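Summary of structural features
Read off the chains here:
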Amino acid sequence: MEVRISKESVFQPAEGISWRDIKGELIVLQLASGEYFSFNEIGRCAWFALPEQQSISEVIEAVVAEYDVSLAQAEADVVAFVQGLLANKLLIQQPVQEI
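This one's a predicted model, so the numbers in the text were calculated from it and none came from an experiment.

Attention shifts here to the overall build of the protein chain. Scanning the protein chain for helices and strands turns up three helices and five strands. Counting from the amino terminus, helix and strand elements in the protein chain follow one another as β-β-β-β-α-α-α-β. Whereas a compact globule of 99 residues would reach a radius of gyration of roughly 13 Å, the protein chain reaches 13 Å, a difference of no more than 12%. Oriented by its inertia axes, the alpha-carbon framework of the protein chain measures out at about 35 × 30 × 20 Å. Taking all 99 residues of the protein chain together, the buried fraction comes to 34%.

Looking now at the pattern of salt bridges. As enumerated under the stated definition, the model contains two salt bridges in all. With a closest N to O distance of 3.7 Å, Glu 75 and Lys 7 form a salt bridge. With Glu 75 in helix α3 (residues 71-87) and Lys 7 in the segment before β1 (10-13), this residue pair connects regions lying 68 residues apart in the sequence. Here Lys 7 falls in the partly exposed class, since its relative accessible area comes to 44%.

A sheet is described by the order of its strands in space; here three strands give the open sequence β2-β3-β4, paired in antiparallel fashion. Bordering the open sheet on either side are β2 (17-22) and β4 (35-39), each of which pairs with just one other strand. Across this sheet, the average inter-strand angle for adjacent strands is 20°, counted without regard to direction. Strand contacts of helix α1 (residues 41-49): β2, β3 (25-30) and β4, with the helix running at about 125° to β2, the strand carrying the most contacts.

What follows covers the side chain of Gln 94. Tracing the chain through its elements places Gln 94 in strand β5 (residues 91-94). Here the side chain of Gln 94 touches Gln 12 through a polar contact of 2.8 Å, side chain to side chain. If we ignore the near neighbours within four places in the chain, the residues touching Gln 94 are Val 10, Phe 11, Gln 12 and Gln 53.

A few words now on the pairing of β3. On a regular strand, one side chain projects to one face of the sheet and the next to the other, so that they alternate. The two faces of β3 differ: Leu 26, Val 28 and Gln 30 on one face are buried, but Glu 25, Ile 27 and Leu 29 on the other face are not. Hairpin connection, β2 to β3: the antiparallel pair is bridged by two residues, and Lys 23 has positive phi, about 50°. Judged from the five bridges that link them, β3 and β4 form a sheet pairing that is antiparallel. Bridge pairing links Val 28 to Phe 37 in β4. Linkage of β3 to β4, two consecutive antiparallel strands, is achieved through a turn of four residues, within which Gly 34 is found at a positive phi near 80°.

Glancing now at α3. Taking 1.5 Å of rise per residue, the 17 residues of α3 would be expected to cover 24 Å, and the 24 Å separating its terminal C-alpha atoms lies within 8% of that figure. Among the residues making up α3, those that are buried are Ala 74, Val 78, Phe 81, Val 82, Leu 85 and Leu 86. Taken end-on, α3 shows its buried residues confined to a sector of 135°, consistent with a single buried face. Exposed residues pointing more than 90 degrees away from the buried face of α3 are listed as Ala 72 and Ala 87. Looking at the buried positions of α3, the neighbouring elements they touch are β1, β4, α1, α2 (56-66) and β5. Directly beyond the C-terminal end of α3, a positive phi value near 60° is found at Lys 89.

Criteria and cut-off values
Residues numbered from 1 in each chain as written. Predicted model: local features only at pLDDT ≥ 70, side-chain atom pairs only at ≥ 80, totals over all residues. Heavy atoms only, no water. Helix = DSSP H or I, 4+ residues; strand = E, 2+ residues; numbered from the N terminus. Rg over C-alpha atoms; globule rule 2.2 N^0.38 Å. Buried < 20%, exposed > 50% of the residue type's maximum accessible area, 1.4 Å probe, protein only. Salt bridge = Lys/Arg side-chain N within 4 Å of Asp/Glu carboxyl O. Pairing = 2+ DSSP bridges. Axes fitted to C-alpha atoms, helices over the stretch in contact; angles between N-to-C directions. Contact = heavy atoms within 4.5 Å. Polar contact = N/O pair within 3.5 Å; in protein donor to acceptor, adjacent residues only side chain to side chain. Expected span 1.5 Å × (residues − 1). Arc of directions from axis to C-beta.

Nothing here speaks to function; it is all geometry.
Written out as structure tokens, the structure reads:
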């Protein structure tokens, strides 16, 4: 099942995920499979924004504010990053909260 990602989408780490920030390198472990993942600086920035219940739009803004990258490039990178996390079952999508 493919998850539709919009600028309002909110994600959080899936159950059974553990992570550590070791000297600026983020290591994420999927406990069930024993697989681990290492993220670059932009991935690290995006990962730490996700558990804060930020929307994809806010994660993109955080990346643009932190790094010398265009909005279009940040959007493409964050969406690709989230798609990869979803494919590896590291994230789950939160229901969109309506006002």
